[in-house]
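Chains, contacts and geometry: an overview
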Amino acid sequence: MADGSIVVVDALVLIQRLLEKNVSNQNYFREMSCIKPLASFFTISPSDMWMLTDKKKDIIIAALRVISLLVTGTNPSLAQNQQSMNQNGILTNVINLALSKLNSPEVRSQGLRTLGDLIKNHADNRNVFSTASVSVPTDIHGDHVTVPAIHRLVTVTLVSPHFSERIAGVHTFQCYLHDNPEAQIAIASTLTPQPDQEENQEQMSIGRQLLSGLSELNDPMKCWMSACVLGAMLNDNVDCKDYVLGISLFLPRPGADSVTLLSHAVSLLAEASQPSSGASVVVRAGLARLLCLWLHESETAVATFLDTGTNLSFLVDIVIRPVEDVHVQGMCALMIGILYLYTADEEHRKSLHSVIVHRVGVDKFIARLDDPRKSNSFILAEQDKIASVDVHKLEENQVVDYVLYDYELVTFFKTVYDSIIREVRSPKPRLERRAENGTDGAAANREEIEKYERAMNRLTMENLSLRDQVELLQGEVEEMKKSTAGAGAVPGSDTGAQVKELQDALHKKEDDFLSLSTSYNQLERLANDRADQLAALKAKASQNGSSSSAGGAEAEQVRRLSTQLSELQEKCAQHEARQRELTAEAAAARKERDEAVAARAQQELEVQSLKQRLESHPSPSPEGSASKEVEQLRRKLREAELEKEMAMKDQDDALMMLADEELQKTRALEQVSVLKEELLRLRSTK
């Protein structure tokens, strides 16, 4: 079907119009088994890999957009649509289109965006992608090499010559890692120390490729793409953030400090922010983005950042500079605000408060946060219009407007912004407000214990996995050593080359073994630390259990009542919305009834008039035209009476539903009132 004409493209565009923001049409499309035929649009011949016609390109892109419409938006049946795509082989076809070397960057870019939409928030589709492989041609003679799909995605995202393809690759990574803690930890585990030997792109792990790209300050887009992927790896996963804090990026050296990803990113941002560095705003904004996502909701990362006194100083210098890019200043101001929100050390908190109030100034600090929100880049991303822009038609200087922000980052920025403003303008410290709001220490301890127990279970599984890998590599190293020793005794002209090849392989295996051993030891130390913290929390909880049981019961009752109040208020809102719908339906029913009554009266007048004419001028034949006309009018009259009865019945049903909804609303409001009184009574007695 990909060989069709312009009519096929027009038909697919029409389908897009019918499906866009229409949940009913989307469900009907799936229920009528219309998803399966979409697979035929992605059938391409080997010659298409090197020369895809414009006609086929337009058809494939239109079909990919239809798929994206079916698996994005607010449809409650998105998961069913995604599952149907997998069952009908469309997911596999899209993976091949997106990650192959098809000679059409437009198709590959749209394929990557559609691939991200297909795997977001769907465990089965994510598993298919994570285990898939793609066949990539190496030359024009037809030689191919098979590579894992996720490794191919990293290569496309970091080194593709087409900007549209790289930014679409970032979108795919963000969708793959969204709410996927196992994949986040898996990619974080590839941030192993760099071996002494030089590696090419194919030999490097995913983590080392991202680290290499992050360090290339002279390649702004590569640095930005790497920062975005690493940010997605850390986003909303406190365990992953803490785990990465313990990974050393380089093999231990005597007398040298350990370099972690956090310290490396901070040093890169400090270097790029020097006026003499000439680093692009894309580089600085990308590094600041990574650090903001990392520090958010991670007290451990915040404490590690603030332990180095110079880190805060250079952030403040950027914010107060009279001449600096508004996006960089805004992200650095946001970072200072995040540090202020999530530091657990009161001395650090006082220092940050002094920096915001006295050194920067509250008005200037808020202005720095507001400036990026007024920019064209921020507004476009806020309206979620970045994906719809044809980046192939952009000039080089316009690309920045479509790089700095995306919809997820804008949402993050706005949420954190609101929290920072409330905290900065609050006259009371955070701990005092927690005490006034009835925060129970024992309940907080229980939450911490549960969090650490989950982390312990995860770390235990990772330790077992790494131990197996270490033992496997150790066995391979021993076998390589034996092979090398045996090869040294074989005579012949090729003996030296064989020995060198085996020795090189042995060195690489030893490096991998050392890297895995280091990761295993780091995970074991982290697990032991978590075990100690867990034991301390349990001891603290048992000590505080007796003294805080009464207060905990009251706090639990307040929380329970607050939850019930919120649920009832939500039900009230739903009842009001339903009442408005029923009122509209009742009004429509009344209108239909009035129209039916008027039509009936008109028809009765016409029948009476016709009867009078027939009585004064009788027809010689009972089959005359006048009798037929009378019969037709009588039939119409009966139909009108039936329609009237149905309209009146619909109206009565609507009025009864309206009355029932009004009764439910009244009862819900009474319950809300009772709960409010109970909450006020409990809070007044505390």
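Overview of the structure. Quantities reported herein were computed from a predicted structural model and do not represent experimental measurements.

1. Topic: the pattern of salt bridges
Pairs may arise between side chains of opposite charge once their charged atoms sit close together. Here the structure, examined in full by the defined rule, presents nine salt bridges. Where E165 meets R108, a salt bridge forms, and the shortest distance between an N and an O atom there is 2.8 Å. With a gap of 57 residues between them, E165 in helix α9 (residues 163-177) and R108 in helix α6 (residues 105-119) connect regions that are remote in the sequence. One exposure class covers both E165 and R108, and it is buried. In the salt-bridge network here, residues are joined through shared partners; they are R284, R321 and E324.

2. Re the packing of aromatic side chains
Summed over all chains, the structure comprises three aromatic pairs. Measuring from centroid to centroid gives 5.3 Å for F129 and Y176, while their planes differ by 70°, and the two rings are edge-to-face. Note that F129 is positioned in helix α7 (residues 123-131) and Y176 in helix α9, a separation of 47 residues in sequence. Judged by relative accessible area, F129 falls into the buried class, the value being 0%. Residues F378 and Y405 carry aromatic rings whose centres are separated by 5.2 Å and whose planes lie at 70° to one another, so their mutual orientation is edge-to-face. One end of the pair, F378, is in helix α20 (residues 376-382); the other, Y405, is in the loop between α20 and α21 (407-425), and 27 residues separate them in sequence. Judged by its relative accessible area of 0%, F378 is buried. According to the relative accessible area criterion, Y405 is buried, its value standing at 3%.

3. Remarks on unusual backbone geometry
Positive phi, close to 55°, is recorded for K21, a residue that is not glycine. On the secondary structure map, K21 appears in the loop between α1 (6-19) and α2 (23-31). Residue K21 is classed as exposed on the basis of its relative accessible area, which comes to 81%. The phi angle at E297 is positive, at roughly 65°, despite the residue not being glycine.

The rules behind these values
- Residues numbered from 1 in each chain as written.
- Predicted model: local features only at pLDDT ≥ 70, side-chain atom pairs only at ≥ 80, totals over all residues.
- Heavy atoms only, no water.
- Salt bridge = Lys/Arg side-chain N within 4 Å of Asp/Glu carboxyl O.
- Helix = DSSP H or I, 4+ residues; strand = E, 2+ residues; numbered from the N terminus.
- Buried < 20%, exposed > 50% of the residue type's maximum accessible area, 1.4 Å probe, protein only.
- Phe/Tyr/Trp six-rings, centres within 6.5 Å; stacked < 30°, edge-to-face > 60°.

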